[in-house]
Every structure is written in structure tokens, then in C-alpha cells.
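# Structural overview for review
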Protein chains: 2
Amino acid sequence: METSVSAIKNKTKKTASRKRQRLSPDEREALIVDTAIEFFSEHGFEATTRELAQRLGITQPLLYRYFPTKQKLIERVYERIYVRRWQPKWGRLIKNRKRSLTDRLIDFYQEYTDAVYDYVWVRSFLYAGLMGLDINSRYLEIIRTNVLIPICVELRHENDQPSVRKVPISDEEMELAWSMHGMFFYRAVRHFAYGLPIVENLDQVIESDVRLFMKGAPQAQKKIIKRQMA
Amino acid sequence: METSVSAIKNKTKKTASRKRQRLSPDEREALIVDTAIEFFSEHGFEATTRELAQRLGITQPLLYRYFPTKQKLIERVYERIYVRRWQPKWGRLIKNRKRSLTDRLIDFYQEYTDAVYDYVWVRSFLYAGLMGLDINSRYLEIIRTNVLIPICVELRHENDQPSVRKVPISDEEMELAWSMHGMFFYRAVRHFAYGLPIVENLDQVIESDVRLFMKGAPQAQKKIIKRQMA
DNA sequence: GTGCCAATTTATCTTTTGATAATTTAGCAG
DNA sequence: CTGCTAAATTATCAAAAGATAAATTGGCAC
């Protein structure tokens, strides 16, 4: 079903200025989305449809044959950039009780770095949030379900706390998990949004973060649950 | 020199629709800036000059008598937003060795919340970063000097590590301090940039963060310094 | 080769918004 | 009270950018 975009590009971009190229709707759409990802990555989402069309080598109105509004196109791009970048294996990694939670988290956040520590990714994610596009919430839901909640669940399991069925996860306990995530993600913000230099040995720092977290988290969780029961 | 804006407001906003109000340039300018801060806080910097003028009860072209471009007005707003927020007493608070570092950090971050957990502040800070405005670096330097470095220094002091003069603070050690700050600030990002609900008992969560940090930080710091010496 | 039809383009609209020029008038000096 | 000055308004421009309607044409079916 998926059309090979590189193949189409060959078909299209042959020489400088060429005659109108008539593609099948599937091909054209694939080409638009693919180019849009690249284009918006570089210029941000305020960039114009006209410039996008220019890069595509088509006219601007043609975009509107494939996407009713710019917003819809952007949503499509987001979908591709964010949602698809999440690898289901990560969810399994975190839940795998054959290993210590510390090891699992170190592995996860180190691998996750490859997906997230990326100029385009971080910046457009922040932009989307600031602009109020409803893109972040879907992605953050993935994080919630696959990272934060498992952290709480596994942490309880390792430290003999009541299961989440007996004592549901409170907001405060979720915040505990967010703390871990914050240490990790704020580094990316500092680097890609503020332009500060990134630390050299990132893997080392991530490991250090996780160990820091895992050292204090059990006690913190215990306290939270205790307060919750009172 | 500073004009009391609340006084001018009384002067201005008397009844619903009033005749044109002729103010001195100083007064009018103060009113514009003050209102702009409030206005852009709520609607972000993409909001229009017309709407701002409406809130001010003046016409849109009048803005251009006081600021040659919208950009200039925004810069002025930025300046004001960051000028007064950092309180020098916070620097002293963190360095006060009469109290435990844990207590100091809890106090600091709880107080600091009032300055930073603010729609305008967080969003404009992120926007400035993304847009490449050179606003963040100056502010982050304050954070570095008054928060992060003191955290490292005090942490060493409390845990019998070599002084920073003997063993300078490495990037990795700075990252450790940034971890603390990340837990704190990423919450604000989640709330004000992503629009997620903020946890109810924020003070409690901050205290929890600091305790989490202080539980693991000494060991982490020790490791880092050890690696550094090797 | 011919005709068709949908992919694509051309031309154009509309709204938004930053910015300017010309006109009006508030309110103080005298 | 009168006149002047500059504060403020009205009217308007121009550019940008999303979106639409009508005309054009590439390339497949036959």
C-alpha cells in the first residue's frame, strides 16, 4: 500500500523546470507528505504552503486537492513524525520483569534518546504545544501509558507496595514518574530550544539520572501511597 | 521616573465608552507596555495589535506612535518580564549553610514557583528560545551562577567532597544539578506549553522532588568526581 | 490516433494584519 | 476665551497567506 517515495522522486525531479507531471493520487499524496515532513522540519510550521509547493515542484492549490486545510496536512505530518516514532518494543522493555527496573529504565532512556534527541523533533513538538495544536496530547498519552504508568507499577512491584488495582495511581505518584521524564527531556529542551551545548557523554548522564531516580523513588512512592491511604 | 500604571488606569477606564483620552507620552507608553505584558501573556505573541489596542481602549495605529514595530514592543515586553523576576535573596537562600541543603532547596523551589509557574513566563521563554532571540542565555546564566553551581558546591560541602577549587565542576556534575532543575521546570513546560493539567499540591510535589534528588545526588556526585579524578 | 477525465495549473478571492498618511481634537499656555 | 501643538483617530494601504473556481492538459482506454 505504501508508495516508495524515493522512486517517485526519481520520476519527478529529473531536470530543472519540467512540464506538469501527472501522478496517481496515492503517489502524489505520499510525495506531499514526505516532502512536508522535511520542509516543516526545516522551517517550522508557520512556513507557507506556497513555499512547500515550490519545493514539491507543484502549484500551491494542488495541495488543497489532497488536504482540505493546511491544518490537516500538518496533523498528518505530526502523525508521521511523532506517533510512528514510538517503538512498541519499548513498552515491552519497561515491563520485562526478568531485569531490574533500573536496568530497564537505563536501557529505555538510552534507546529513546535516538528517537527524541533530534532538532526537528524537539522543536516542532514544543512549537505544536505552544501553538495549541492537538498533537502533543496524543503522543503524551503514549508516554503516559507506556512509560509513566509502567514506572509506577513496576516500582510498586519491586518495593512491595499495593498493586494499582488496590490503590490506584494518584496524581502525585504520576508526578513522581514525570520527574524522571523531566530530567531526561529537559536536557533536550535546553539543547534544542535554548541552544545550549549538550553534554558529551549522554549515555553516562542518563544512567546517572536513572540511578538517582531509582535511589529515591521507592521511598517517595511509599510516602505518597501512605498519604493517599490516610 | 516610573509612572504608576494603576493610577493611570483609574484615569482612563472610568466609564464604558469614553471620548479620546489625551495622556502624556510617558503615561501612555507605560500603559501600553503594562497592558501588553498582560495581554500577550494570555494570548501569546502571535496575538494581533488590533486586539491589544482594543484592550487598551485606544486605536491600533496609536501603538505605532510609541513602538515603530510590533517586534520592538515585544522586545520591550520580554525585557520587563525577565527584569524583575529573579530575586537576589534566592541566591543567598541557597548558600545559607545554617540550614540543610534539602531545606534550602525545598524553600527555594517553592518560592521560585511563584516567579516561574506563569503562563507568560514559561511560554515566552520557550518562544524566545525557539525563535533564537537572545533572551534565554542571560537568564540561564543567572540560574547557572545562583542555583546550579551552588547546588554542586553545597552538595560537595555537605558530603565531604573536595572543594571546587581543588576539583572543578565538570560538565557531568553540572548535568546532575540540571536534573534537579529539569524535574522542576519540565512540569511548567507540560502545563503551560502542552496544556496538561497541573498537579494540585505543587508544594508537596516540589518537596518530593528535592528529597528524591538529595537522596541520590551525593552518591551520584561522588561517582562523577571519582571518574573525573581517574 | 482520438477522446475522455481527472490531475494539475492559472487566475482570483478573501481575510488577516502590520504599518502609514491625513485628519481631528484634547487640553494647556497665554 | 483663543490658539496651538502634539496626542489620538479615521481611513487606507500593502503584503502575506489560506483557500476556491475555472481552465488546461497528460496520459491511459479503446
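Remember, predicted model here, so these are calculated numbers, not experimental data. (Residues numbered from 1 in each chain as written. Chains lettered and ligands numbered in written order. Predicted model: local features only at pLDDT ≥ 70, side-chain atom pairs only at ≥ 80, totals over all residues. Heavy atoms only, no water.)

## Structural notes on the protein's contact with DNA strand C
For clarity, the threshold we go by: The criterion for a residue being near a molecule or strand is simple. One of its heavy atoms has to lie within 4 Å of it. We call two N or O atoms a polar contact when they sit within 3.5 Å, provided that within protein one can donate a hydrogen and the other can accept it, with sequence-adjacent residues counted only if both atoms are side-chain atoms. By definition, any uninterrupted DSSP run of H or I lasting at least four residues is a helix, any uninterrupted run of E lasting at least two residues is a strand, and each is numbered from the N terminus. Classes in brief: Ala, Val, Leu, Ile, Met, Phe, Trp, Tyr, Cys and Pro nonpolar; Asp, Glu, Lys and Arg charged; the others, Gly included, polar.
Residues in contact with DNA strand C amount to 22 residues; listed here are only the nearest, Gln21, Leu23 and Tyr66 of chain A together with Arg22 and Thr49 of chain B. Backbone atoms, meaning sugar and phosphate, make up 61% of the atoms of DNA strand C lying within 4 Å of the protein. Within the side chain of Arg20 of chain A, an N or O atom sits 3.1 Å from a base oxygen of DNA strand C. At 2.8 Å from a phosphate oxygen of DNA strand C is found a side-chain nitrogen or oxygen belonging to Thr59 of chain A. Where the surface near DNA strand C is concerned, the elements lending two or more residues are helix H2 (25–43) and helix H4 (60–66) of chain A together with helix H3 (49–56) and helix H4 (60–66) of chain B. Sorting elements by how many residues they give to the surface near DNA strand C places H4 of chain A first, with four residues. Its residues placed into classes, the surface near DNA strand C shows eight nonpolar, six polar and eight charged.

## Thoughts on the protein's contact with DNA strand D
As a matter of local geometry, DNA strand D sits amid 23 residues, with Arg22, Thr49 and Lys70 of chain A together with Gln21 and Leu23 of chain B nearest to it. In DNA strand D, atoms within 4 Å of the protein come 59% from sugar and phosphate. Within the contact set of DNA strand D, a phosphate oxygen lies 2.8 Å away from a side-chain nitrogen or oxygen of Tyr66 of chain B. Ranked by the residues each element gives to the surface near DNA strand D, the list is headed by H4 of chain B, at four residues. Of the residues that constitute the surface near DNA strand D, the class distribution is eight nonpolar, six polar and nine charged.

## So, the relation of the copies chain B and chain A
Note on the chain copies: they are related by a rotation about an axis and a translation along it. Using the following cut-off: The copies are overlaid by a least-squares fit using only the C-alpha atoms of residues whose pLDDT is at least 70 in both copies. Here, residues are in contact when the closest pair of their heavy atoms is within 4.5 Å.
Aligned on chain A, chain B shows an RMSD of 1.7 Å; the corresponding rotation is 178° and the shift along the axis is 0.4 Å. The superposition operator between the copies reduces to a two-fold rotation axis. Interface residue correspondence from chain B to chain A reaches 98%, placing this contact among same-surface, isologous pairings.

## A few points about helix H5 (residues 70–81) of chain A
Residue and element names in this part refer to chain A. Short version of the rule: By this rule the span expected of a helix is its residue count minus one, scaled by 1.5 Å. A simple rule labels every residue: compare its accessible area, found with a 1.4 Å probe on the protein chains alone, to the largest value its type can have, and call it buried under 20%, exposed over 50%, or partly exposed in between. Taken from the helix axis, the directions to the C-beta atoms give the arc we talk about.
The terminal C-alpha atoms of H5, which comprises 12 residues, lie 16 Å apart, in line with the 16 Å expected from a rise of 1.5 Å per residue. Within the sequence span of H5, burial applies to Leu73, Ile74, Val77, Tyr78 and Ile81. Take H5 and look down its axis: the buried residues cluster within an arc of 140°, on one side only.

## Some thoughts on helix H3 (residues 49–56) of chain A
An α-helical turn contains 3.6 residues, so a residue and the one three or four places further along point in the same direction. Residues and elements named next belong to chain A. Listed as buried for H3 are Thr49, Leu52, Ala53 and Leu56. Viewed end-on, H3 has its buried residues packed into an arc of 100°, placing them on one side of the element. Of the residues in H3, the exposed ones pointing more than 90 degrees away from the buried face are Arg50 and Gln54. Packing partners of the buried residues in H3 comprise H2, H4 and H5. After H3 finishes, the residue Gly57 shows a positive phi value of roughly 75°.

## With respect to the interface of chain B and chain A
Inclusion rule: Summed over both partners, the accessible area (1.4 Å probe) lost when two parts come together is defined as the buried area. A pairing counts as a salt bridge when a side-chain nitrogen of Lys or Arg comes within 4 Å of a carboxyl oxygen of Asp or Glu.
With 41 residues of chain B at the contact, the number on the chain A side is 40 residues. Together, the buried faces of chain B and chain A total about 3,900 Å²; carbon and sulfur atoms form 64% of this surface. Along the contact surface separating chain B from chain A lie four salt bridges. Where Glu175 of chain A meets Arg187 of chain B, a salt bridge forms, and the shortest distance between an N and an O atom there is 2.3 Å. Where chain B meets chain A, there are 11 residue pairs in polar contact (both at pLDDT 80 or more). Looking at the side of chain B that touches chain A, the element that brings in the most residues is helix H10 (residues 171–193) of chain B, giving 15 residues.

## Quick word on a positive patch on the surface
Condition: Each patch is assembled from residues with relative accessible area greater than 30% and no salt bridge, linking like charges that lie within 9 Å and nonpolar side chains (Val, Leu, Ile, Met, Phe, Trp, Tyr) that lie within 5 Å. Exposure was quantified through the Shrake-Rupley algorithm and a 1.4 Å probe, taking into account, for residues, occlusion by the shown protein chains and nothing else. By the counting scheme adopted, Arg and Lys are positive, Glu and Asp are negative, and His together with the chain ends is not counted. To locate a charge, take atom NZ for lysine, CZ for arginine, CG for aspartate or CD for glutamate.
Taken together, the side chains of Lys215 and Lys223 of chain A together with Lys215 and Lys223 of chain B make up a positively charged region of the molecular surface. Broken down by secondary-structure element, the contributors of at least two residues to the positive patch are helix H11 (202–229) of chain A together with helix H11 (202–229) of chain B. When you line up the elements, Lys215 of chain A lands in helix H11. Looking at Lys215 of chain A, the relative accessible area reads 37%, which means it is partly exposed.

## A look at the packing of helix H7 (residues 101–116) of chain B against H10 of chain B
Residue and element names in this part refer to chain B. Heads up, the rule is: Structural elements are reduced to axes, namely lines fitted to C-alpha atoms, with helices fitted over the stretch in contact, and the angle between N-to-C directions of any two is expressed from 0 to 180 degrees. For classification, angles of less than 35 degrees are called roughly parallel, those exceeding 145 degrees roughly antiparallel, those between 65 and 115 degrees roughly perpendicular, and all remaining angles oblique. A crossing counts as left-handed when the near helix is turned anticlockwise from the far one by less than a right angle, and as right-handed when that turn is clockwise.
One can describe the packing of H7 onto H10 by two numbers: an axis separation of 11 Å at closest approach and a directional angle of 45°. When the axis of H7 is compared with that of H10, the two are oblique. For the element pair H7 and H10, the recorded crossing hand is right-handed. In this structure, H7 uses Tyr109, Tyr112, Thr113 and Val116 to contact H10, whose residues at the interface are Met180, His181, Phe184 and Phe185. Among the residues making up the contact of H7 with H10, the classes are represented as six nonpolar, two polar and no charged.

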